[in-house]
Amino acid sequence: MSADQSVTVEVGLGDRTYDILIGSGLLSRAGAEISRRLPGTRAAVITDANVAAAHLDALKAGLETGGIQPAVITLPPGEKTKSFAHLEEAVDGVLAARLERGDIVIAFGGGVIGDLAGFAAGIVRRGMNFVQIPTSLLAQVDSSVGGKTGINSARGKNLVGVFHQPKLVLADTEVLDTLPIREFRAGYAELAKYGLIDRPTFFTWLEENWVRVFAGGPERAQAIAEACRAKADVVARDEFETGDRALLNLGHTFGHALEAATQYDGTRLVHGEGVAVGMALAHRFSSRLNLASPDDASRVEAHLRAVGLPWRMADIPGDLPDAEALLSFIAQDKKVSRGALTFILTRGIGQAFIAKDVPASEVLSFLKENHPGEQESRPGQQKMRPGQQKSRPR
Ligand SMILES: NC(=O)c1ccc[n+]([C@@H]2O[C@H](COP(=O)([O-])OP(=O)(O)OC[C@H]3O[C@@H](n4cnc5c(N)ncnc54)[C@H](O)[C@@H]3O)[C@@H](O)[C@H]2O)c1
Ligand SMILES: O=C(O)C(=O)C[C@@H](O)[C@H](O)[C@H](O)COP(=O)(O)O
Ligand SMILES: [Zn+2]
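Residues numbered from 1 in each chain as written. Chains lettered and ligands numbered in written order. Predicted model: local features only at pLDDT ≥ 70, side-chain atom pairs only at ≥ 80, totals over all residues.

**Quick look at the pairing of strand β5 (residues 104-109)**
For β5, the buried fraction is high: 6 of the 6 residues fall into the buried class. Judged by which residues are buried, β5 turns out to be covered on both faces: Ile104, Ile106 and Phe108 on one side and Val105, Ala107 and Gly109 on the other are all buried. Here strand β3 (residues 43-48) pairs with β5 via 5 bridges, running parallel. By the bridge assignment, Ala44 is partnered in β5 with Val105. In this structure, β5 lies alongside strand β6 (residues 129-134), joined through 6 bridges in parallel fashion. Residue Ile106 lies in a different strand from β6, and its bridge partner there is Val131. For the crossover that starts at β5, traverses helix α4 (residues 111-123) and ends in the parallel β6, the hand is right-handed. (Buried ≥ 20, exposed ≤ 12 C-beta atoms within 10 Å, placed from the backbone. Helix = DSSP H or I, 4+ residues; strand = E, 2+ residues; numbered from the N terminus. Pairing = 2+ DSSP bridges. Right-handed = clockwise from strand over helix to strand, strands pointing away.)

**Things to note about the site of ligand 2**
Around ligand 2 sit Asp142, Gly146, Lys148, Lys157, Asn158, Glu190, Glu241, Arg245, Leu248, Asn249, His252 and Lys334, and that is every residue in its neighbourhood. Classifying every residue of the shell around ligand 2 gives 1 nonpolar, 4 polar and 7 charged. Summarising the domain contributions, the shell around ligand 2 has at least three residues from each of domain 1 (6-179) and domain 2 (180-394). (Near = placed C-beta within 6 Å. Nonpolar A, V, L, I, M, F, W, Y, C, P; charged D, E, K, R; others polar. Domains from an automatic or database assignment.)

**Focus: the domain arrangement of the protein chain**
A common way to express how large an interface is: the accessible area buried when the components associate. When cut into domains, the protein chain gives domain 1 (6-179) and domain 2 (180-394). If you average the C-alpha positions of domain 1 and of domain 2, the two centres end up 27 Å apart. Listed as interface residues are 32 residues of domain 1 and, on the opposing side, 32 residues of domain 2. For the side of domain 1 that touches domain 2, the elements supplying multiple residues, two or more each, are β1 (6-11), β2 (18-23), α5 (137-143) and β8 (156-160). Among the elements that make up the side of domain 1 that touches domain 2, the one with the highest residue count is α5 (5 residues). (Contact = placed C-beta atoms within 7 Å.)

Quick look at the structure:
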């Protein structure tokens, strides 16, 4: 931490390289930080009603330090806002403010606002400047970094969008003090994901320090910075997900299907919770395929359970569509190539890898074994034991 209590992580993308600033008090100097990098620009802030109620006045005061008086577009909170209707509202608001291509769209909110506002910035006037001011833990550790933007379709998550990198990310850790605990936990799932992908010592550190991360001590900013460094590394080497970047999808193939299957109803399941269940399933599936020890799957499940996250399909309230329906959402995943399923599987904690050509029949049997409704409807059915040999995807 420097004297102004922030750390900087760089996302190295040549002439599109940008900084992620992480620390307390960043809202109060947002205008100065932005105008130093994008002098003389006007701006529109896109936010949601919860974030606006808690922090919009503070942001406006902070933007004044750079002489920025933004237009403000306030949308309803929640995953359903990632829709064509609200995209249109955001686009219209930016155009109504008569902003030019060189002006700035500021996403001020969680990942929903970041994804939607980033998409609007990517398509209005064929690409405007974009700044992320993430206010949820999930957005600070993941969604504000890397330039994936978009909206959902009833047919699947994030199916419509563009890659559009921000010019700057300002992650003010103080704003997390007003974040509901359920949302903090959901963001924690994406934080733990970085340990599970390829940083086993970070996962162990989280097992030992998660209480302090939740309590808001220096460990919180330390963990956010570690996740941002991990994500920045991957994005810098594979911006458009032609290879390694797919690792960031650990837990998402199952998780996205569960989000779509629950109609993006945030009362039942929010994205980070879907990722938590998805990561537990990805580890259990890996052990079922004899790729990883069942002890690793149990360790992941135990940690998710300890922090209060859902970790199995049975933890999702209400009925789920059957295993075939879940598989048909998985078949819409953007990692599908020539009809073949791709999953992020693992050889152990911190040893995730990209598995192509995963047989749909294996996925279907696994879903059936883990589906609460199907288990009830098929009493006495022989279950695959952990470690039982199955064919291995490459
Ligand atoms: N683009 C990416 O790389 C990427 C990465 C991860 C997730 N995502 C997307 O992010 C979305 C999930 O983001 P999220 O978990 O931030 O959800 P979210 O944006 O819905 O925010 C969660 C809730 O917290 C509220 N909130 C946010 N900040 C607050 C604050 N400081 N104080 C009080 N309330 C606050 C919001 O109003 C909302 O009700 C999903 O759509 C997911 O697909 C994108
Ligand atoms: O940045 C990425 O790449 C990720 O995969 C991060 C994920 O946490 C995030 O949920 C992302 O939006 C998923 O991307 P998608 O391409 O599977 O929709
Ligand atoms: Zn995610």
